[in-house]
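So the chains spell out like this:
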Amino acid sequence: MRRLVLDSAHTAACLGLVVLSAVSGSAWSAEEVAAPSDWLTRDTLTGDWGGGRTWLLEHGVKVEPRLSQFYQGINAGDGDDGYDYGGKADVRGKADRARLGFWDGLSMVVHVEYNFGTSANGRGGVMIPVNTALYTPGMDGADAFDISSFYFIQAFGNKASVAFGKINMIDMVAGKPFMGGAGIDSFWNHTFTATPTGTVPPYLLGVLASVPTDAATYRLWVYDLHSYTNRSVFDDPFAGGVSIRGQVDFNVTIGGLPGHQGFSAFYSSQGGADLETLGDTIIPSPTPGTPGIKESRYYVAYSFDQYLHEAGGGSGEGYGLFGQVAVSDGNPNGLRWSMFLGVGGAGLFPGRSKDRWGAGYYYDGFSQSLKDALADIQTIRDEAGIEVFYDFVLTPWCDVGVDLQVIRPGLGESTAVIPGLRAVIRL
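In this text, all values refer to a predicted model and were calculated from it rather than measured experimentally. (Residues numbered from 1 in each chain as written. Predicted model: local features only at pLDDT ≥ 70, side-chain atom pairs only at ≥ 80, totals over all residues. Heavy atoms only, no water.)

Student: How should the packing of aromatic side chains be read in this particular structure?
Tutor: Working definition: an aromatic ring pair is given by the centre-to-centre distance plus the angle between the planes. Here the structure, examined in full by the defined rule, presents 23 aromatic pairs. Relative to Phe164, the ring of Phe152 lies with its centre 5.9 Å away and its plane at 25°, an arrangement referred to as stacked. Residue Phe152 is found in strand β4 (residues 145–156), and its partner Phe164 is found in strand β5 (residues 160–168); the two are separated by twelve residues along the sequence. A relative accessible area of 25% places Phe152 in the partly exposed class. With centroids separated by 5.7 Å and ring planes inclined at 70°, the aromatic side chains of Phe187 and Phe322 adopt a geometry described as edge-to-face. Taken together, the residues Phe187 in the loop between α6 (169–172) and α7 (190–193) and Phe322 in strand β13 (residues 318–328) connect sequence positions 135 residues apart. Accessibility expressed as a relative area gives 0% for Phe187, which makes it buried. Three or more aromatic residues link up through ring pairs in this structure, and these residues are Phe187, Phe192, Phe322, Phe340, Tyr362 and Phe389. Its guanidinium or amino end placed over the ring of Trp49, Arg53 lies 4.1 Å from that ring's centre, counting from NZ or CZ. For the cation-ring pair, Arg245 lies above Trp221, with the distance from its terminal atom to the ring centre recorded as 4.6 Å. (Phe/Tyr/Trp six-rings, centres within 6.5 Å; stacked < 30°, edge-to-face > 60°. Helix = DSSP H or I, 4+ residues; strand = E, 2+ residues; numbered from the N terminus. Buried < 20%, exposed > 50% of the residue type's maximum accessible area, 1.4 Å probe, protein only. Lys NZ or Arg CZ within 6 Å of the ring centre and 35° of its normal.)

Structure representation (structure tokens):
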């Protein structure tokens, strides 16, 4: 705990000043320093940057720097016990290009991320990342920094829109009810933030279209299946084919409370290693074989979210259920089927309407072809786990959270118990 306090204070001070200087180019104004009550109640730690933030907004530019820190480790399970300290400093910006002299409806999104320290991902034989924020863009060397999003959005009236470019898909689902949050504002485990499917990379290159109506929202994605994490968009885009994903989310009201039920389907002409032939390539031999290629893949899923209580009045307070069941081809996709179910929301206790909380269970069934291919060197079993978290909102710009994950790992024999602490500062 002493390490957490010392490292958190030092890192927050140093990186906060670096990010602030880079983005705003100005120090706090005298009025901001002299107003402690405003300092505790405003939305961001660094305030208006001496009027700089307001000036940017008036010109159609919104900049959101943030510092997130984690202290997470393993109390029980395979491998050594111990804790890791790591963090993410990121800046997300959105510019209304119409207000900058371009045509109506055009905007641009840029997200820059820098990870530092170490993470608990992969410990205890757990296959699904237990810390989404530190999973991408990585932790070591050049993998610690990336421009995870650089894309344009063209809106057509108040309804349809098309996004195109390099897109951080973890951000795109961060606003899902009761889950999402990119590992910073809600659950930590990748299952509940941006569910691993083997069909959507964390950062992708493509075109995403969305058409909302009163009854449902329709989405169509056309993209390169290969991940663009730490990769240039000019590095042989779509060299292996094209992936297409369609989705429809119906607006559902039960007992006067809002919710959604949706279906998604994916097909790709981009091949992958044929898992049936993978074993021949990893058996020690002077003349190892070459895996075959499976030319296509598919994935289908049903998902839902439903409020059980909503305070109304724009408070954001409420809670509800969410879940998903999905099936894939199982070859070349190593994840044959998966499911998760959870409950979450904001305002669990009286007087704490902004606090966020959640609990979820997941089960991932890995492909039998994958299990058989690696049977001689590694036993793979289906992975299942639970996660419970609670975030205390201390000020509008700072919250501190606790998290506990208990997982039967896919690559380990012993149940992994993984607690953690999280501190998020919106600069």
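Still more ground to cover, so stick around.
Student: In this structure, what is going on with the side chain of Ser328? I would like to understand it.
Tutor: In this fold, Ser328 is placed in strand β13. Relative accessible area serves as the criterion here: at 0%, Ser328 is assigned to the buried category. At 2.5 Å, the side chain of Ser328 and the backbone oxygen of Leu335 are in polar contact. Among all residues touching Ser328, those that are not within four sequence positions of it are Tyr298, Tyr299, Asn333, Leu335 and Arg336. (Polar contact = N/O pair within 3.5 Å; in protein donor to acceptor, adjacent residues only side chain to side chain. Contact = heavy atoms within 4.5 Å.)

Student: Sorry if this is basic, but what is going on with the layout of surface pockets here?
Tutor: Empty space among the atoms becomes apparent when a probe as large as a water molecule is rolled across them. Approximately 1000 Å³ is the volume found for the second largest pocket. Along the walls of the second largest pocket sit 33 residues, with Glu64, Arg66, Asp185, Arg356 and Arg426 positioned nearest its centre. Sorting the residues of the lining of the second largest pocket by element identifies α4 (52–58), β1 (61–74), β2 (82–96), β14 (335–346) and β15 (356–366) as the ones contributing at least two each. Looking at the lining of the second largest pocket, the element that brings in the most residues is β1, giving six residues. By residue class, the composition of the lining of the second largest pocket is 13 nonpolar, seven polar and 13 charged. (1 Å grid on protein atoms, 1.4 Å probe; cavity = no way out; pocket = protein on both sides within 12 Å on 5 of 7 lines; lining within 4 Å. Points joined across faces, edges and corners; volume = space filled by probe spheres on them. Nonpolar A, V, L, I, M, F, W, Y, C, P; charged D, E, K, R; others polar.)

Student: How should I be thinking about empty space enclosed by the protein in this particular structure?
Tutor: Under the criterion given, the structure shown has three cavities of 30 Å³ or more. If you add up the space inside the largest cavity, you get close to 70 Å³. Lining the largest cavity are 13 residues, and of these Lys88, Glu113, Ile170, Asp171 and Ala182 sit closest to its centre. In terms of residue class, the lining of the largest cavity is built from five nonpolar, four polar and four charged.

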